[in-house]
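Spelled out, the chains give:
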Amino acid sequence: MKDKIVCKSDAEIEKMRLSGRITRQVLEEVQRRVHPGVTTLDLEGYVERRLQEFGAAPAFKGYRGYPACLCASVNDEIVHGIPSHRRLKEGDIVSLDLGVVTEGYYSDAAITVPVGDISEPLKKLLRVTKESVALAIEKARVGNRVGDISATIQEHAESHGFAVVRDLCGHGIGRQLHEEPQVPNFGRPGHGPLLKAGMVVAIEAMVNAGGYAMRVADDHWTALTADGSFSAHFEDVVAVTRNGPDILTQP
Ligand code: MF3
Ligand code: CO
């Protein structure tokens, strides 16, 4: 565990962009394979094969004993769902979270996608969660603070009647998957660590349709909403630069 924020050089940021591009590419490909009847283990198999083809190592497999490349979290599962024989069905939502390492640099991104047709309230949950990341990325600027990012996610989600998860956070990222600083999904503007050029953070909004409380399943990984409400997750890696936020997890 690092206890200090590590700033990255321009050359390092370019390496992280290469890693992030693969993560995004594979996530977009796997998104197109989400249909009723598909199992989350089918999605895992696809990801494993594509990462091999890219010559990229999975970031999550083996991390604290996590058994897969992909996290696939269905409906009331918030994050860290382990791919299984569970079949996706029409009306479900599935959060796909993927991390990759290339040349020693990590990337990490997540999307929540509909399975077939979903209800209007679920469409809104997905839209608002995605928007909260986009709005938060705009705050990843030199001179701002981590609390500006956190408060933006919280404000946007709560203004639509949703709740942000408190027990899990975004994070710095670089030569390790998780670096300082922690990037909570709630907080106060103007508080927390100062953002400096070269800092790279994974901003990950975890938004519940019901209350914010979560629990961990008996598999010791899957995080679920305590009240059974559905949950969405979007994540991007962003570099803080003198020219503004630079999203590294783009195609
Ligand atoms: N995006 C998640 C995170 O940053 C994924 C981690 S899954 C794990 O915590 F298996 F690696 F823990
Ligand atoms: Co992450």
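Bear in mind the structure is a predicted one, so any value in this text is a computation, not a measurement.

Q: Before we go on, may I ask you to explain the packing of helix α1 (residues 10–31) against helix α2 (residues 40–54) in this structure?
A: Their axes nearest at 10 Å, the elements α1 and α2 cross at an angle of 145°. Between α1 and α2 the crossing geometry is right-handed. Residue-level inspection shows Ile22, Gln25, Val26, Glu29 and Val30 of α1 in contact with α2, the latter providing Leu43, Tyr46, Val47, Arg50, Leu51 and Phe54. Looking at side-chain class alone, the contact of α1 with α2 contains eight nonpolar, one polar and two charged residues.

Q: How should helix α4 (residues 146–159) be read in this particular structure?
A: Since there are 3.6 residues in each turn of an α-helix, residues three or four apart along the chain are aligned in direction. Taking 1.5 Å per residue as the helical rise, α4 with its 14 residues ought to reach 20 Å, and the 20 Å between its terminal C-alpha atoms agrees with that figure. Counting buried residues along α4, 11 of its 14 residues qualify, which places the element largely inside the surrounding structure. Among the residues of α4, those classed as buried are Val146, Gly147, Asp148, Ile149, Ser150, Ala151, Thr152, Ile153, Gln154, His156 and Ala157. On its buried face, α4 is in contact with α3 (120–137), β6 (163–164), β8 (179–183) and β9 (200–208). Phi turns positive, to about 85°, at Gly161, one or two residues after α4.

Q: Explain the site of ligand 1 to me, please; I cannot follow it from the model alone.
A: Tyr66, Asp97, Asp108, His171 and His178 are the nearest of the 13 residues found near ligand 1. A distance of 2.8 Å separates an oxygen atom of ligand 1 from a polar side-chain atom of His171. Between an oxygen atom of ligand 1 and a side-chain N or O atom of Glu204, the distance comes to 3.2 Å.

Q: I'm lost on the nonpolar core in this one. Help?
A: Generally speaking, soluble globular proteins have nonpolar side chains that are buried together. Counting residues in each nonpolar core, the largest one holds 51 residues, and the members touching the most others are Leu51, Val94, Leu96 and Ile203. When residues in this core are grouped by element, the largest group, seven residues, is from α3.

Q: What should I look at first to understand the sheet that holds strand β10 (residues 214–216) in this one?
A: Within a sheet, neighbouring strands are paired by backbone hydrogen bonds and run either parallel or antiparallel to one another. As summarised here, the arrangement of the three strands in space is β3-β11-β10, forming an open sheet in which the pairing is antiparallel. Bordering the open sheet on either side are β3 (77–79) and β10, each of which pairs with just one other strand. For this sheet, the mean inter-axis angle between neighbouring strands, taken without regard to orientation, is 40°. With three bridges joining them, β10 and strand β11 (residues 223–225) adopt antiparallel strand pairing. Looking at the pairing, Arg215 lines up with Leu224 of β11.

Each value, and the rule that gives it
- Residues numbered from 1 in each chain as written.
- Chains lettered and ligands numbered in written order.
- Predicted model: local features only at pLDDT ≥ 70, side-chain atom pairs only at ≥ 80, totals over all residues.
- Heavy atoms only, no water.
- Axes fitted to C-alpha atoms, helices over the stretch in contact; angles between N-to-C directions.
- Helix = DSSP H or I, 4+ residues; strand = E, 2+ residues; numbered from the N terminus.
- Left-handed = near helix turned anticlockwise from the far one by under 90°.
- Contact = heavy atoms within 4.5 Å.
- Nonpolar A, V, L, I, M, F, W, Y, C, P; charged D, E, K, R; others polar.
- Expected span 1.5 Å × (residues − 1).
- Buried < 20%, exposed > 50% of the residue type's maximum accessible area, 1.4 Å probe, protein only.
- Near = heavy atom within 4 Å.
- Polar contact = N/O pair within 3.5 Å; in protein donor to acceptor, adjacent residues only side chain to side chain.
- Core = buried A, V, L, I, M, F, W, Y, C linked by side-chain atoms within 4.5 Å.
- Pairing = 2+ DSSP bridges.

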